[in-house]
Amino acid sequence: MDAFKEHVGRVVPLDRINVDTDQIIPKQFLKRIERTGFGEFLFYDWRYLENGDPNPEFVLNLPRYAGASILIAGVNFGCGSSREHAPWALQQYGFKAILAPSFADIFRNNCYKNGILPIALPADVITSLSQEARDTEGYQLMIDLEQQSVICADGTAHNFEIGDFEKYCLLNGLDEIGWTLQYEADIAVYENR
Amino acid sequence: MKKTMYEKIWETHLVRASADEVPILYIDTHLVHEVTSPQAFEGLRLNNRKVRRPDLTFATMDHNVPTTDRALPITDLIAAKQMETLAENCSEFDIPLYDIDSPEQGIVHVIGPELGITLPGKTIVCGDSHTSTHGALGALAFGIGTSEIEHVLATQCLLQQESETFEIRIDGTLPYGVTAKDIILAIIGHIGIDGGNGAVVEYTGSAIRALSIEERMTVCNMSIEAGARAGMIAPDDTTYEYIAGKRFAPKGEAFDAAVEGWKQLPTDEDATYDRTLQLDAAEIAPQVTWGTNPGMVTDVTGHVPDPADMATVDEKTATEHALAYMDLKPGTPITDIPVDRVFIGSCTNSRISDLRAAAEVAKGRKVADTVSAMVVPGSQAVKRQAEAEGLDEIFRAAGFEWREAGCSMCLGMNPDTLLPGQRCASTSNRNFEGRQGKGGRTHLVSPQMAAATAVTGRFVDIRQFQ
């Protein structure tokens, strides 16, 4: 997994609550046996028209948000299916962080395993950052994981919570399986008790 | 200290738990299917790791298997490749597999309990969010992603933080025509689709105690639809009777000893939960969803809501989106909504008792000319049992298609999908946009309601169905 320390990137606001993983990556793309190649199918049914052309009204297709790497969304982002294809698609599209008032549990876990930072901020902060992104072309945010802070261009900082272990894993790009295997003796003791 | 059932199972499965470390939780059973596992096995190979406990791992094919004649070749070559990959991985890593030709094949959450793999007090995981189903027998069962599948394959453990506890207590007697499906839909309507986030729900109360194990599975199955990490119900005599004689369940003296252990699992009297909610079973009516998530639900006697009545701007916008997608107008009575398709199946409602309930409604009646209806048993064993009871004949005579076992049109990864614009009464668990097919419109209901809707061609209050 790639380490995550700091990131500066363009912000795109997706004004929807309860975005489920069926929308993030529809089921017809889950038949692949590889871990890669999902980015082009991200938000497929919203992003493309019936004939396969990009939907010019969908926010990710607006030229002003091209190259965005920070997604802002409504409450309970990533609900529904446990498919890890959802964070794979987000990451492979180019997203490094997602800002929302809340996340679904399984999705949030899956993000950490793939070097994506899910950042929960109060609803009023999300609303105002989302408005800034709409009002200001090329709007960017800086994310400092070490400081647990989202920093605006004017210097305003919004602190966020993250578990110590998740933070450690992201900062170091840690292989979690390797971490657990260092306690192999404890696992064996448990199994033989 | 007084403990909840979740806390008891959690504590007895900790391999390591130091204050400054993330806890390592032991996993007793790992269920695997074809869609979320290939990248996990590939990860093992890339890192030269093996499966630690193939004897605690069970695999089946369910998500993208066709439900038509099994003798025919699979036409979707990408799906076939995924099934082939699972078979190769199970062979390479020595994992028992109930493949498409196995008499035990079925939806992973149907066959686990059916085979006696699911037992009280166990920790059970699967790369599927509906793993919460297994909590119906008093197990701690939850869905995980592919990275975590790889983690469990390699270590038989997960790095986990302890969840909050949430008691949802339902006392009283369910009225006629109201089912386990209506209980869980009513709960989700009440607390919302994120109302259980961060928590493990324990369902308690006299209405829950009165449910059969299969009905309890329907309730626990949709815990994830309220955002809960898991759902569970304390084991009791109903549970022990269900488990007795199942293939992998303990037998004889070992069974008696196991029951003595399981009796220690229920939440201690006076133990406290982080959150609680109480509902009265007598006040629950048959439920029908009208929108694009399971929390967008109302009584069958209700109406499609008006976005203008929503409490927040976000909810108003979400309701407008949902009504546009569903092609519904505010104020429309639910019973005025016609359907094109009916799907009876999925890990929520495809067990023998679900099929019996639907068959009782379908018996001697005909599916409306405007409706195409199908029944997909949850497993080959359910299918055999239904056929032994003549349920397949009842369904066929009424005009339902009778299919082979699998997830089918719950998520439409196989050829069973809705066409754009088609409206479906479905016994499955998710009415998300495009879930059953791009542009398809899903309304979640109980098996009885689905069968009655197939007959009348529009939603009908099962309590008044003649």
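Bear in mind that the values here come from a model prediction, so they are computed numbers and not experimental data.

A. Layout of the sheet that holds strand 4 (residues 117–120) of chain A. All names here are of chain A. Taken in spatial order, the seven strands line up as 4-3-2-1-5-6-7 in an open sheet, and their pairing is mixed. Whereas interior strands pair on both sides, the edge strands pair on one side only; in this sheet they are strand 4 and strand 7 (157–159). Taken pair by pair, the neighbouring strands of this sheet meet at an average axis angle of 25 degrees, ignoring direction. Inspection of the sheet shows strand 1 (residues 6–13) paired to strand 5 (residues 140–144) by five bridges, in the antiparallel sense.

B. A look at the sheet that holds strand 15 (residues 341–344) of chain B. All names here are of chain B. What the five strands build is an open sheet, ordered 17-16-15-18-19; its pairing is parallel. Where the open sheet ends on each side, the last strands, each with one partner, are strand 17 (400–402) and strand 19 (441–444). Taking each pair of neighbouring strands and ignoring which way they run, the sheet shows an average axis angle of 20 degrees.

C. Expanded view of the nonpolar core. Of all hydrophobic cores here, the largest spans 86 residues; its most connected members are A:F43, A:L71, A:F77, A:L90, B:F395 and B:F400. Structurally, this core is a two-domain feature, drawing no fewer than three residues from each of domain 1 (5–159) and domain 3 (291–457) of chain B.

D. Representation of helix 5 (residues 146–155) of chain B. Taking burial as the measure, the ten residues of helix 5 of chain B include ten buried ones, the bulk of the element. Along helix 5 of chain B, the residues classified as buried are B:T146, B:S147, B:E148, B:I149, B:E150, B:H151, B:V152, B:L153, B:A154 and B:T155.

E. Structural view of the packing of aromatic side chains. Counting across every chain of the model gives 22 aromatic pairs over all chains. Seen in terms of ring centroids, A:F41 and A:Y44 are 6.3 Å apart; in terms of plane orientation they differ by 55 degrees. Their pairing is tilted. Taken together, a centroid distance of 6.1 Å and an interplanar angle of 85 degrees make the contact between B:F255 and B:W262 edge-to-face. By the burial criterion, B:F255 is buried, and B:W262 matches it. Over the face of the ring belonging to A:F38 we find A:R32, whose NZ or CZ atom lies 5.4 Å from the ring centre. Over the ring of A:Y190 we find A:R193, and its NZ or CZ is 4.0 Å from the ring centre.

F. How the structure looks around the pairing of strand 3 (residues 29–32) of chain B. Residue and element names in this part refer to chain B. Neither face of strand 3 is exposed, since T29 and L31 on one face and H30 and V32 on the opposite face are all buried. Strand direction decides the pairing type here: strand 3 and strand 6 (residues 123–126), joined by three bridges, are parallel. Bridge pairing links T29 to I124 in strand 6. In terms of handedness, the path from strand 3 via helix 2 (residues 38–46) over to strand 4 (residues 57–60) forms a crossover that is right-handed.

G. The arrangement of the pattern of salt bridges in detail. Per the counting criterion, the structure on display carries 40 salt bridges over all chains. One salt bridge connects B:D76 with A:K31, and the closest N-O pair in it is separated by 2.5 Å. Taken together, the residues B:D76 in the loop between strand 4 and helix 3 (77–93) and A:K31 in the loop between helix 1 (21–24) and helix 2 (44–47) connect one chain to another. B:E164 is the salt-bridge partner of B:R275, the closest N and O atoms lying 3.1 Å from each other. Placement of the pair is B:R275 in strand 12 (residues 275–280) and B:E164 in strand 9 (residues 164–171), with a sequence separation of 111 residues.

H. The layout of surface pockets, seen in detail. In this structure, the largest pocket spans a volume of roughly 760 Å³. Residue lining of the largest pocket: 27 residues in total, with A:D105, A:R108, A:N109, A:Y112 and A:E166 positioned closest to the centre. Of all the elements in the fold, those that place two or more residues in the lining of the largest pocket are helix 4 (105–112), strand 4 and helix 6 (164–172) of chain A. With four residues, helix 4 of chain A is the largest single contributor of residues to the lining of the largest pocket. In the lining of the largest pocket, the residues fall into nine nonpolar, eight polar and ten charged. Both domain 1 (5–159) and domain 2 (164–236 + 263–283) of chain B contribute no fewer than three residues apiece to the lining of the largest pocket.

I. Structural view of the interface of chain A and chain B. In this assembly, 54 residues from chain A lie in contact with 63 residues from chain B. Overall, the association of chain A and chain B removes approximately 4,700 Å² of surface from exposure, summing both partners, and the carbon and sulfur fraction of that is 53%. Where chain A packs against chain B, one counts eleven salt bridges. Taken together, chain A and chain B are joined by 29 residue pairs in polar contact (both at pLDDT 80 or more). Counting residues per element, the ones that place at least two in the side of chain A that touches chain B are helix 1, helix 2, helix 3 (85–93), helix 4, helix 7 (176–181) and helix 8 (184–191) of chain A.

J. Structural view of the packing of helix 3 of chain A against helix 4 of chain A. Residue and element names in this part refer to chain A. Packing of helix 3 against helix 4 brings their axes to within 9 Å, and their N-to-C directions diverge by 50 degrees. One way to sum up the angle between helix 3 and helix 4 is to call them oblique. The handedness of the crossing between helix 3 and helix 4 is right-handed. Residue-level contacts link A86, P87 and L90 of helix 3 to F107, N110 and C111 of helix 4. Here the residues of the contact of helix 3 with helix 4 are counted per class, giving five nonpolar, one polar and no charged.

K. Up close: empty space enclosed by the protein. Inspection of the entire model under this criterion finds five cavities of 30 Å³ or more. The space that makes up the largest cavity amounts to roughly 190 Å³. B:H63, B:D128, B:H130, B:L411 and B:R435 are the residues nearest the centre of the largest cavity, which is lined by 22 residues in total. When its residues are assigned to classes, the lining of the largest cavity shows eight nonpolar, ten polar and four charged. Of the residues that make up the lining of the largest cavity, three or more belong to each of domain 1 (5–159) and domain 3 (291–457) of chain B. Every residue lining the second largest cavity is counted, 17 residues in all, and those nearest its centre are A:C79, A:G80, A:A104, B:I224 and B:G227. Considering only residue class, the lining of the second largest cavity consists of nine nonpolar, six polar and two charged.

Scoring rules and cut-offs
Residues numbered from 1 in each chain as written. Chains lettered and ligands numbered in written order. Predicted model: local features only at pLDDT ≥ 70, side-chain atom pairs only at ≥ 80, totals over all residues. Heavy atoms only, no water. Pairing = 2+ DSSP bridges. Helix = DSSP H or I, 4+ residues; strand = E, 2+ residues; numbered from the N terminus. Axes fitted to C-alpha atoms, helices over the stretch in contact; angles between N-to-C directions. Core = buried A, V, L, I, M, F, W, Y, C linked by side-chain atoms within 4.5 Å. Buried < 20%, exposed > 50% of the residue type's maximum accessible area, 1.4 Å probe, protein only. Domains from an automatic or database assignment. Phe/Tyr/Trp six-rings, centres within 6.5 Å; stacked < 30°, edge-to-face > 60°. Lys NZ or Arg CZ within 6 Å of the ring centre and 35° of its normal. Right-handed = clockwise from strand over helix to strand, strands pointing away. Salt bridge = Lys/Arg side-chain N within 4 Å of Asp/Glu carboxyl O. 1 Å grid on protein atoms, 1.4 Å probe; cavity = no way out; pocket = protein on both sides within 12 Å on 5 of 7 lines; lining within 4 Å. Points joined across faces, edges and corners; volume = space filled by probe spheres on them. Nonpolar A, V, L, I, M, F, W, Y, C, P; charged D, E, K, R; others polar. Contact = heavy atoms within 4.5 Å. Buried area = accessible area lost by both parts, 1.4 Å probe. Polar contact = N/O pair within 3.5 Å; in protein donor to acceptor, adjacent residues only side chain to side chain. Parallel < 35°, antiparallel > 145°, perpendicular 65-115°, else oblique. Left-handed = near helix turned anticlockwise from the far one by under 90°.

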